[in-house]
Amino acid sequence: MSHGQGGSQSQWDPWKPQSQQAWTGEGTSQTPDWAALAEASEARAKRRRLLFVGGGALATVAVGAAVAVAVMNAGGGGTPDGPPSDLPATAALPSGSATPSFAPTSAPPPLDPKDFISSAKKDTAPLGPDTLYPGTRLTMGSAQYAKGPTADTTDCASAAQGTLGKVLTANGCTRVIRATYTRDGIAVTVGVAVFDSEAQATKAKGQADKKSIVKPLTGSGVPAFCTGAVCRSTTNAYGRYAYFTLTGFTSGKDVTTKDTAAFRTGDDLAAFTFQQIRRRGEAQASAAANQ
C-alpha cells in the first residue's frame with residue numbers, strides 16, 4: 001500500500017524560475033536529458049532569428065515601395081519607363097578654377113627723387129639762394145638761427161679757400177651758393193657746389209681734405225669770423241651737389257672739441273642743406289608722376 005506525498009508534485013523545468021526538482025520515494029534523483037534540452041533551446045533560438053530576418057526583409061521591401069510611389073507621384077506627367085519630365089534642371093558647374101584671376105597691373109613704379117637731383121638734365125627746377133635757404137630764420141629742433149648774407153657765383157674757386165678751389169675746378173663745378181647763419185655768437189657759412197652729375201660731386205667730396213674750406217661769408221650784421229682762428233669744417237655730397245660748412249665764433253676765439261654748441265650749429269646747417277636738396281628731388285619726382 002502506497003502512501004501519498006501530500007499533494008501534487010511540482011515538475012522541475014530548468015527554463016522556469018522557482019521550479020523544483022521532483023524526488024522519488026526512494027530518494028534517488030532523475031538526471032535531466034541535457035542533450036534534449038540543448039536541442040530544444042537551439043530550435044527556439046533559430047526560430048527567433050528567422051522571424052527577425054524575415055521581418056527586416058519585409059520592412060525593406062515596404063520602404064522601397066513607398067519611395068518608388070513618391071518618385072512616381074513627383075514626376076507629374078512622367079512615365080514609369082522614362083525619367084520624370086518636371087524635375088528641375090541641373091545647375092551648370094564651372095569648368096575651371098573658382099579662384100578669381102586679375103590682370104597684371106600696369107602702374108609704373110614710384111619715381112626715385114634722387115634720380116632728379118643726380119643729373120643736370122633732370123634737375124631743372126629753379127635754383128638759387130632763396131630756394132635753398134628761404135625766409136629770414138631757420139628752426140632746427142629747439143634752436144633758431146638768423147639768416148645773414150647770401151651769395152651765388154659761377155666762379156667756384158672764388159667761394160673757396162685752401163685746396164677747395166682746385167678740387168671744385170678740377171671736377172667741373174658750375175656754381176657755388178652760400179649762406180651764413182648766426183646764433184649766440186656762433187656763425188656758420190654753408191656752401192653748396194653744383195655739378196652736372198652725381199659722379200662729379202662724389203669725386204669732389206672724396207678729393208677734399210682738411211684744407212678744403214669754403215670761404216666764410218660776412219656782412220649784413222655778421223662780423224668777420226674764421227680769419228685766423230681755428231674753425232670747424234665739414235664736407236658731404238648728395239646727388240649732383242657737394243656741400244661744405246665752416247663754423248666759428250664771431251669773437252675770434254678758437255673752436256675746440258668741447259664747444260658742443262659750435263658743433264651743433266654746423267651739424268644743423270649741414271642737415272638742413274641735405275633736406276633742402278632732397279626736397280628738390282621729391283618735388284620734381286612728384287611733378288613728373290602727375291604729368
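In what follows, the structure referred to is the one given above.
The paragraphs below set out a description of the structure included in this document. What you see is a predicted model; the values in this text were computed from it and never measured. (Residues numbered from 1 in each chain as written. Predicted model: local features only at pLDDT ≥ 70, side-chain atom pairs only at ≥ 80, totals over all residues. Heavy atoms only, no water.)

Under the definition given, this model contains eight salt bridges. For Arg 264, the salt bridge is made with Asp 268, and the minimal N-O distance between the two is 3.6 Å. Of this pair, Arg 264 and Asp 268 both sit in helix α6 (residues 260-289), four residues apart, which is roughly one turn of the helix. Assessed through its relative accessible area of 37%, Arg 264 is described here as partly exposed. Asp 268 gets classed as buried once you look at its relative accessible area, which sits at 13%. When the shortest N-O distance is used, the salt bridge between Arg 278 and Glu 282 registers 3.3 Å. Linking Arg 278 with Glu 282, this pair stays in helix α6, spanning four residues, or about one helical turn. (Salt bridge = Lys/Arg side-chain N within 4 Å of Asp/Glu carboxyl O. Helix = DSSP H or I, 4+ residues; strand = E, 2+ residues; numbered from the N terminus. Buried < 20%, exposed > 50% of the residue type's maximum accessible area, 1.4 Å probe, protein only.)

On to the environment of Ala 289. Position of Ala 289 among the secondary structure elements: in helix α6. Classification of Ala 289 by relative accessible area gives exposed; the value is 53%. Residues Ala 289 and Pro 110, spaced 179 residues apart in sequence, show a C-alpha to C-alpha distance of 7.9 Å.

Time to look at the packing of aromatic side chains. In the structure shown here, the tally under the stated rule is three aromatic pairs. With centroids separated by 6.1 Å and ring planes inclined at 40 degrees, the aromatic side chains of Tyr 133 and Phe 272 adopt a geometry described as tilted. Of the two residues, Tyr 133 is situated in the loop between α3 (129-132) and β1 (137-140) and Phe 272 in helix α6; the sequence distance between them amounts to 139 residues. With respect to burial, Tyr 133 and Phe 272 carry one shared label: buried. Within the aromatic cluster, the residues linked to one another by ring pairs are Tyr 133, Tyr 181 and Phe 272. Arg 183 extends its terminal NZ or CZ atom over the ring of Tyr 145, reaching a point 5.9 Å from the ring centre. Lys 253 extends its terminal NZ or CZ atom over the ring of Phe 249, reaching a point 4.4 Å from the ring centre. (Phe/Tyr/Trp six-rings, centres within 6.5 Å; stacked < 30°, edge-to-face > 60°. Lys NZ or Arg CZ within 6 Å of the ring centre and 35° of its normal.)

Here we come to the state of the cysteines. On inspection of all chains with the given rule, the structure shows two disulfides. In this model Cys 226 forms its disulfide with Cys 231; the gap between the sulfur atoms is 1.9 Å. Here the disulfide of Cys 226 and Cys 231 is left-handed, its torsion about the S-S bond being about -110 degrees. Here Cys 231 falls in the partly exposed class, since its relative accessible area comes to 22%. Sequence-ordered numbering of the bonded cysteines in the protein chain yields a pairing of 1-2, 3-4. (Disulfide = S-S within 2.5 Å.)

Judged by nonpolar contacts, the single largest core of 22 residues is most densely connected at Tyr 133, Leu 138, Tyr 181 and Tyr 241. Counting residues per element, the ones that place at least two in this core are β1, β2 (143-153), β4 (175-183), β5 (186-194), β8 (241-249) and α6. When neighbours within four sequence positions are excluded, Tyr 133 is seen to be in contact with Lys 147, Ala 179, Tyr 181, Val 190, Val 192, Phe 272 and Thr 273. Ala 159, Ala 160, Ala 193 and Leu 246 belong to the second-largest nonpolar core, a separate cluster that totals 21 residues. (Core = buried A, V, L, I, M, F, W, Y, C linked by side-chain atoms within 4.5 Å. Contact = heavy atoms within 4.5 Å.)

What follows covers the sheet that holds β8. With antiparallel pairing, the six strands of this open sheet are ordered in space as β1-β2-β4-β5-β8-β7. Bordering the open sheet on either side are β1 and β7 (232-238), each of which pairs with just one other strand. Across the sheet, the mean angle separating the axes of adjacent strands is 25 degrees when strand polarity is ignored. Taken strand by strand, helix α5 (residues 198-207) contacts β7 and β8, and its axis lies near 155 degrees from that of β7. Set on the sheet, α6 makes contact with β1, β2, β4, β5, β7 and β8; between it and β8 the angle comes to about 155 degrees. (Pairing = 2+ DSSP bridges. Axes fitted to C-alpha atoms, helices over the stretch in contact; angles between N-to-C directions.)

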